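The lines below spell out each chain.
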Amino acid sequence: MTNSRRRAEDTRPVVYQCRLPLSTRTVNHLADLLRRHLKAIRSRWRVLPPGRIAVIVLAVLRHDQRLADMAGGNDVSESTVRRWRDELIGLLAAQAPRLDRALKKVAKQGGELVLIDGTLIRTRRRTGRADRREYSGKHRSHGLHFLALTDEKGRLIWISAARPGRTHDNTAARHDHILAHLRAAGLGALADLGFRGLDNDILDPVIVTGYTATRTHKLTPGEKEANRVLAVGRAPVEHGFAHLKNWRTLTKLRTDPARATRLLRALLVLTNLEINR
C-alpha cells in the first residue's frame, strides 16, 4: 500500500465569497496606513500584500468573522490574522481625536453645541469580581460603558475610554472633565436625564437636560414642550451610535475589556471615513 499526499475527493476546505459593504476609500486608507507603518518599522515582508490584509481585517470588524475562518480562507494561521487585526486597530486608534481638539474643531467650524450620550457595549459574562463591575442594572446585561460626543448632525467626534457597565453617565463625564472642556471651547451640550446634576450653574448652564416629574411635582405644559424640543434636538446622537454599531464586532465583545477602548476608537475613525465620504 503506497502513501499519497494528495487530498481525497471532496475533502478540500469550502471557501465562500461575501460582500464587504465598505467604500474603496476606507480600504485604501487602511492599506496606506499599513504601508506607512511597515516603512517606518522597516519591515520587508508580509505573507500577503497590505491591500489584502486591510480587507481581511475589515471583514473581521464589519461582519464579526471568526479569525480561524478568515485564516483558513486565506491560507494563513489564526495567530497571523489576530496579529494583523491588533496591529491595524492600534494604528487606527492613534488617529482618533482627543476631546479638547475635537471640541475646538467644532467651535472653529462655527458649531455652537454638541450632543452627548452614553451607551453600553455588551460583553460576555466574566468570572470573579469583574462580573459585578461589568453588570449594568439599567440594561440588565454585562457590558462596557462609554460616552460619545457628536455634532448637531449626529457625526461622531469623540469616544471616551471603556468603563465597567455599572458606571453612571455623570461619573464618566466627571472623570473625563467634559464640563471643563466644553467651557474652554465655548460650546454647549444637549443631554438626556442621565446627566442631570452634572452642571449646577443656574445662570449660565453649559449642559442642557430635560425636566423630570416627581411624586410631588407634575410637569407643566411648558416643561413637556421643552422636553419634546430637547428630544428632537438630541435625536441625531442616536444616529451616530447606530452607525458605530453597524460594526458587528461590537455585537458582543469577545476581546479583552482592556483592549476595548482602542477598538472603539479605531471604529470611530472607520465610521467617520464611511459617513464623511
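Scroll up a little and you will see the structure.
The structure reproduced in this document is the subject of the present report. (Residues numbered from 1 in each chain as written. Predicted model: local features only at pLDDT ≥ 70, side-chain atom pairs only at ≥ 80, totals over all residues. Heavy atoms only, no water.)

### Digging into the overall build of the protein
Stage number 1. Helices and strands together make up the secondary structure of the protein, namely ten helices and seven strands.
Stage number 2. Buried residues in the protein amount to 44% of all 277 residues.
Stage number 3. Of all intrachain contacts in the protein linking residues separated by at least 6 positions in sequence, the fraction that spans at least 24 positions is 63%.
Stage number 4. Carbon and sulfur atoms make up 49% of the accessible area of the protein, which totals about 17100 Å².
Stage number 5. The average position of the 52 basic charges and that of the 27 acidic charges among the side chains of the protein differ by 5 Å. (Helix = DSSP H or I, 4+ residues; strand = E, 2+ residues; numbered from the N terminus. Buried < 20%, exposed > 50% of the residue type's maximum accessible area, 1.4 Å probe, protein only. Contact = heavy atoms within 4.5 Å. Areas by Shrake-Rupley, 256 points an atom, 1.4 Å probe, with all protein chains shown as cover. Lys, Arg positive; Asp, Glu negative; His and termini not counted. Charge placed at Lys NZ, Arg CZ, Asp CG, Glu CD.)

### Quick word on the side chain of Asp176
Stage number 1. With respect to the secondary-structure elements, Asp176 resides in the loop between helix 7 (169-175) and helix 8 (178-185).
Stage number 2. Taking the relative accessible area as the measure of exposure, Asp176 reaches 15% and is therefore buried.

### Examining the environment of Asp75
Stage number 1. Inspection of the secondary structure puts Asp75 in the loop between helix 3 (67-73) and helix 4 (78-93).
Stage number 2. Sequence separation of Asp75 and Glu152 is 77 residues, and the distance between their C-alpha atoms is 46 Å.

### A short note on a positive patch on the surface
Stage number 1. Taken together, Arg122, Arg124, Lys245 and Lys252 make up a surface patch of like positive charges.
Stage number 2. Looking at where Arg122 falls in the secondary structure, it is placed in strand 1 (residues 113-122).
Stage number 3. For Arg122, a relative accessible area of 37% puts it in the partly exposed group. (Patch = residues over 30% accessible without salt bridge, like charges linked within 9 Å, V, L, I, M, F, W, Y side chains within 5 Å. Salt bridge = Lys/Arg side-chain N within 4 Å of Asp/Glu carboxyl O.)

### Thoughts on the layout of surface pockets
Stage number 1. In this structure, the largest pocket encloses a volume near 570 Å³.
Stage number 2. Lining the largest pocket are 22 residues, with Lys105, Gln109, Asp151, Leu156 and Ile157 positioned closest to its centre.
Stage number 3. Mapped by element, the contributors of at least two residues to the lining of the largest pocket are helix 5 (99-108), strand 4 (156-159) and helix 10 (260-275).
Stage number 4. Residue composition of the lining of the largest pocket, grouped by class: ten nonpolar, five polar and seven charged.
Stage number 5. Lining the second largest pocket are 18 residues, with Val15, Tyr16, Cys18, Met70 and Asn74 sitting closest to its centre.
Stage number 6. If you list the elements that add at least two residues to the lining of the second largest pocket, you get helix 2 (50-63) and helix 3.
Stage number 7. Broken down by element, the residue count for the lining of the second largest pocket peaks at five residues, all from helix 2. (1 Å grid on protein atoms, 1.4 Å probe; cavity = no way out; pocket = protein on both sides within 12 Å on 5 of 7 lines; lining within 4 Å. Points joined across faces, edges and corners; volume = space filled by probe spheres on them. Nonpolar A, V, L, I, M, F, W, Y, C, P; charged D, E, K, R; others polar.)

### Section: the packing of helix 1 (residues 24-40) against helix 10
Each packed pair of helices is defined by two parameters, the angle between the axes and the distance between the axes.
Stage number 1. In contact at an axis separation of 9 Å, helix 1 and helix 10 are set at 140° when each is read in the N-to-C sense. Here helix 1 lies oblique to helix 10, going by the angle between them. Here the hand of the crossing between helix 1 and helix 10 comes out right-handed. Contacts between helix 1 and helix 10 involve Arg25, Thr26 and His29 from the first element and Leu270, Leu273 and Glu274 from the second.
Stage number 2. The residue inventory of the contact of helix 1 with helix 10, partitioned by class, reads two nonpolar, two polar and two charged. (Axes fitted to C-alpha atoms, helices over the stretch in contact; angles between N-to-C directions. Parallel < 35°, antiparallel > 145°, perpendicular 65-115°, else oblique. Left-handed = near helix turned anticlockwise from the far one by under 90°.)

### Remarks on the pairing of strand 1
Stage number 1. Burial analysis of strand 1 places eight of its ten residues in the buried class, the great majority of the element.
Stage number 2. Both strand 1 and strand 6 (residues 188-190) contribute to a ladder of three bridges, which runs parallel. Looking at the pairing, Leu113 lines up with Gly188 of strand 6.
Stage number 3. When strand 1 meets strand 3 (residues 141-150), the two strands line up antiparallel, connected through eight bridges. Paired with Leu115 across the two strands is Thr150, which belongs to strand 3. (Pairing = 2+ DSSP bridges.)

### Structural notes on the nonpolar core
Stage number 1. Judged by nonpolar contacts, the single largest core of 51 residues is most densely connected at Leu61, Val81, Phe146, Leu250, Leu267 and Leu270.
Stage number 2. Broken down by element, the residue count for this core peaks at nine residues, all from helix 10.
Stage number 3. Core analysis: the next-biggest nonpolar cluster, separate from the first, contains 22 residues, Val114, Ala172, Leu182 and Ala189 among them. (Core = buried A, V, L, I, M, F, W, Y, C linked by side-chain atoms within 4.5 Å.)

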